[in-house]
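What the coordinates show
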Amino acid sequence: MVGEESQKKQGGLLAMAALAAVLAVIVVVTAKLGFALAQSAKPPKPAVTVATGSKPKAAGWKQVEKLINDQKFQEALDETDKIRLSAVKAGNEDEWTRALVKEVQLKIGLHGYETAVRFLMEEQWPKGARQRDVLNLFYAHSLVTYYQAYSWEINQREQVVSKGVDLKAWTKDEIFAEAERAFIKVWDDRGELGHASIASWKEYIYPNDYPAGIRDTMRDAVTYLFVNLLADTSFWTPAQSNELYRLGLKELLNPPENAWLQIKEKDGGLLSPIVHPLSKICVLLDDLRGWHSMRGDRAAELEAYLEKITRLHDNFSGEPDRKLIREDLAAKLPGFRQVSWYSMGAAKLAEFTQEEDAPDALVRAREIANGGHEAYPASPGGARCLSIAKQIEAPSYELAAMKSDAPSKRSILVTHRNLGALYFRAYKVDLISCLAMARDYNLLPRWDEVRRLLDSAKPETAWQAPLPPTPDYRDHKSYVTPPPLAPGFYVVAASAKEDFGKSRNSIIAVNILVGDLVVLTRQDNEGAIEAQVVSGESGHPVAGAQVVFYAWNWQSGHKPVETKVTGDDGKVIFQPKGEQGGSYFVLARMGDDFALDSRYLGIYRPETPSDHAASLIYTDRSIYRPGQKLYWKVLCFHGRQDLGKYEVTPNSSVTVTLYDINNQKAAEALVVTNAYGTASGEFVIPQGKPLGQWRLASSAEGSARVRVEEYKRPTFEASIQEPKNPMRLNRPATLTGEAKYYFGLPVASGGAVWRVTREPVYPWWWGWYGWGGESRPQTIASGTAKIKEDGTFDISFTPEADEREASSSGTTYRYKISADVTDEGGETRTASKSFRLGFVSVEAALSAEAGFGREKGKMSFKVSREDLNGNGRAGNGTWRLVSLQQPGKALLPADLPEPEQPSKPGSPQPYRTAGDSMRARWETDY
């Protein structure tokens, strides 16, 4: 009956200066990094990386380029090989390096990554530091690009022990570790790289367009490229992604002086797998920042700091953590006021502030951005600040409307910001002609048709709708009631300008059927479509209305199939005819009053009910060993499913077949049912067949499943006891396991291998609000334990989790302990135990015996007090009964006010327009 039509948005985002070059084949880094490894052109496959950017002057290289341009790649490879061998013999390390890079490019195109990378690692390299740095950068980049190109296949691999360079066997972790190792070799040369400009490496590195003094040395380039690799979360382990809270954000923001030494002293240093990638990123950028500070390069020092807090902000998503990051930036930024890059820091702070959930966040972000622009308006940061401010200030609106509504109702919803008024025009359109002319599945006028209306037709009426101010620069709702309109179909267009001009304007249109008719459709059990026409004002049936049954056809046009007139009950029925199929819609009409149900309605002729035969199969148990007998019974019956009447089938032949796990026939028997419709038999489970789930099937549509297993009767059982003391998050815990023989004595020797997993448990209302929440188990502890003489063993671990998440959102955590206990004879039994922990350890629930009570009558409620594992917990509680304030009159659903969201303690009250408190007339989730 009603619905919502979403419309287009108007945005005001200004373009900002690009910070990096765009590569023709593969981009190594984003605009954030500001430089990329250079590419050569025209390999057969688009998977080629660093190569010579400028053409060498040597005649041999000219021939190579010509062969590449002619797509003679094997000949180009042969020629490059000659150049490399000549360069090696002559000791020309630049030519040697250039040739190695070019050969790898061509091999990648001809043979694939695996052979090319193997060639690069097995071939002799020049001894010069610069040349080896080039090759290591190229090697790391080739590995990362290889993973990006074949990530799905690589992620399926399991780690195996292999020697040499064999990319076909490498896992994602091995590829990442090897790329990281190559970067560290280059980063170790950062002292010398600090004296080299990016321009001096332009043959291999595309220079960026940062201002002079920012990211213009090879030390900057290598550091930011390395950071980009470490920041790629696709290479992170689940533990690294889920346990950021362990890192200590305050220490990352303001590290101790010996932070680098602490990492360096760990096994492997920056290569250590126990050092988190974010910690490595902070070490790299703090090192670069310190180097620039020592040289007095204040702008470059600020850039390194901005990159660091950006990476931290991207990964620490909790509001308390992001508040720390914003406060750290706000405190450090004034110290760089004397350099123009200060405005870039102001832009970053404005962007961070924009993402706050506070009601005044955009107001403060705009002030910060305006301040950054005023400080250095001609700088890139000043331009970025201006873009942010203009984006916040930009006017914007959306329209949504009832598809069908009565006259003089608030039929149109405007979602708007920074706009004082909207101008409306209503055009009356012939709905029948629209349906006849439509040649797609959009029955009503499209934008090109609306544009023609605006250009040539005269509106039925026009009006202006003032909009309330939006001082918080956020979207707010206002409802518009059109002037009284005669019944009919209208296109209502809105414009930010009164003249509906096309220049620097946003025009949006919605379609509205104005009138009192409503058509309701349903499908009955016979496959027919029943349509009832009623009055929207009273709900009473409308007699004498014309109802047209249309067939959807976007090619030749939507055609009316049948027309009927409603009776006193307002109903008509469209019966299926012949092999009628396809999709249909319904149009009801009473003079100029229309009602349209454009849903895809199906019409069909139901099948004639018939007698149906089936059977049930029973077995004497569910698990068998090979060689054992399987006893079975089959019950055959028949009847009418639509009537629910069944009876047994006596004296009927039925075949029962046993199938193994591969669906191969293992045994078969033909039996005849007795007077009660049953028959029985037995099969011997054959030896030598595969174990697993087998199946019995009868010829009378029946089946049953059993398992065939080789098993040994267990001699002992294992269990994990309840904890002696209450368990808490992030506090050491010890649980006791026990192994006991079935004849009563303890298992006095042996061992246990145990593992603890954790998964978050989100409140039920998260799903209601669409917040979701990923619940993926993660191993947090594991170990072994020796069984004591009394049959017990200890499991000690710390149930770690981020307490802040649990305390702020109602999240709890489910821990599961699984222990495999093995006695001295080698028999293994498994025990497990689950429990929940959270910031709150007791939950209360309230339930009533009945949903309604009688006035002055007695009602009783049940209150349960349980721990997070569902165990009852004794204790005190309080309760109160409140009386709700009754409205003066019952409101229609659309008139029920929207509930106000409570503001956070200490935060300003959110600004609300009158429309923010009103419910859209088409909403049904009240």
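Structural data are supplied above this passage.
Because the structure is a prediction, the values reported are computed rather than measured. For every chain, the first residue of the written sequence is number 1, and numbering continues from 1 onward in sequence order. For this predicted model, a pLDDT threshold of at least 70 governs which residues receive local features, and a threshold of 80 or more governs which side-chain atom pairs are given and counted, while totals over whole chains, interfaces and linings are taken from all residues. Excluded from the side-chain calculations are hydrogens and water; all other atoms, namely the structure's heavy atoms, are used.

As a further point, take the overall build of the protein. In this description a helix means any DSSP run of H or I spanning at least four residues, a strand means any run of E spanning at least two, and both kinds are numbered starting from the N terminus. Regarding its fold elements, the protein presents 22 helices and 35 strands. Burial here depends on accessible area, computed with a 1.4 Å probe over protein chains only, as a share of the maximum for the residue type. Under 20% is buried, over 50% is exposed, and the range in between is partly exposed. Looking at the protein as a whole, 45% of its 926 residues qualify as buried. For the protein, the computed accessible surface area is about 49300 Å², with 50% contributed by carbon and sulfur atoms. With residues, only the protein chains shown are counted as cover, and all accessible areas are computed by Shrake-Rupley using a 1.4 Å probe.

The term nonpolar core refers to a set of buried residues drawn from Ala, Val, Leu, Ile, Met, Phe, Trp, Tyr and Cys, joined through side-chain atoms within 4.5 Å. Ranked by size, the top nonpolar core spans 96 residues in total, and within it Leu137, Met218, Leu312 and Phe316 carry the most contacts. The dominant element in this core, judged by the number of residues it contributes, is helix 5 (residues 129-149), at 10 residues. Counting 29 residues, the second largest nonpolar core, distinct from the first, contains Ala718, Ala752, Ile780 and Ala831.

Moving on: unusual backbone geometry. With a phi angle near 55 degrees, Phe500 is a residue other than glycine that sits in the positive phi range. Assignment of secondary structure puts Phe500 in the loop between strand 9 (488-495) and strand 10 (507-514). Its identity is not glycine, yet Asn730 carries a phi of approximately 60 degrees, on the positive side. The topology assignment puts Asn730 in the loop between strand 27 (716-720) and strand 28 (733-741). The exposure class of Asn730 is partly exposed, given its relative accessible area of 27%.

With that settled, consider helix 16 (residues 342-354). Each residue after the first adds 1.5 Å to the expected span of a helix. An ideal rise of 1.5 Å per residue puts 18 Å on 13 residues; helix 16 measures up with 18 Å between its terminal C-alpha atoms. Burial analysis of helix 16 places 12 of its 13 residues in the buried class, which makes it a mostly covered element. Every buried residue of helix 16 is accounted for by Tyr342, Ser343, Met344, Gly345, Ala346, Ala347, Lys348, Leu349, Ala350, Glu351, Phe352 and Thr353. For this analysis, residues touch if any pair of their heavy atoms sits within 4.5 Å. Buried-residue contacts for helix 16 involve helix 14 (298-315), helix 15 (319-332), helix 17 (361-375) and helix 18 (380-393).

To get an axis, fit a line to the C-alpha atoms, keeping to the stretch in contact for a helix; angles then go from 0 to 180 degrees between the N-to-C directions. As a packed pair, helix 3 (residues 93-111) and helix 4 (residues 113-122) sit with axes 7 Å apart at the nearest point and diverge in direction by 155 degrees. With respect to helix 4, the element helix 3 is oriented roughly antiparallel. The way helix 3 lies across helix 4 gives a crossing that is right-handed. Packed against helix 3, whose contacting residues are Leu100, Glu103, Val104, Lys107, Ile108 and His111, the element helix 4 presents Tyr113, Thr115, Ala116, Phe119 and Leu120 at the interface. Here the term charged refers only to Asp, Glu, Lys and Arg, the term nonpolar to Ala, Val, Leu, Ile, Met, Phe, Trp, Tyr, Cys and Pro, and the term polar to all other amino acids, Gly among them. A class-by-class count of the residues in the contact of helix 3 with helix 4 yields 7 nonpolar, 2 polar and 2 charged. Any angle that falls under 35 degrees is termed roughly parallel, while one over 145 is termed roughly antiparallel, one within 65 to 115 roughly perpendicular, and all others oblique. In this scheme the handedness of a crossing depends on how the near helix is turned from the far one: anticlockwise by less than a right angle means left-handed, clockwise means right-handed.

Our next topic: the environment of Val572. Position of Val572 relative to the elements: it lies in strand 15 (residues 571-574). A sequence separation of 26 residues divides Val572 from Gln546, and the C-alpha atoms of the two residues are 9.4 Å apart. Setting aside anything within four residues of it in sequence, one finds Val572 in contact with Ile529, Glu530, Ala531, Val547, Lys564, Val565 and Thr566.

Any Lys or Arg side-chain nitrogen located within 4 Å of an Asp or Glu carboxyl oxygen qualifies as a salt bridge. Going through the model one piece at a time under the given rule, you end up with 51 salt bridges. Across the pair Asp81 and Arg84 runs a salt bridge whose closest N-O atoms are separated by 2.6 Å. Of the two residues, Asp81 and Arg84 are both situated in helix 2 (residues 73-90); the distance of 3 residues between them amounts to about one turn of the helix. Classification of Asp81 as partly exposed rests on a relative accessible area of 25%. When its relative accessible area of 5% is taken as the criterion, Arg84 is described as buried. Of the charged contacts, one joins Asp360 and Arg364 as a salt bridge, the two residues approaching to 3.3 Å between their closest N and O atoms. Among the charged side chains, a network of salt bridges with common partners joins Glu319, Arg326, Glu356, Asp360 and Arg364.

We now examine the sheet that holds strand 10. Spatial strand order, 4-10-9-6-7: 5 strands in an open sheet with mixed pairing. Lying at the two open borders of the sheet, with one neighbouring strand each, are strand 4 (404-405) and strand 7 (461-466). Here, strands pair whenever DSSP counts at least two bridges between them. Relative to strand 9, strand 6 (residues 421-429) is paired through 7 bridges, and the arrangement is antiparallel. Within strand 9, the position partnered with Arg425 by the bridge is Ala493. Contacting strand 6, strand 9 and strand 10, helix 20 (residues 447-456) runs over the sheet at an angle of about 90 degrees to strand 10.

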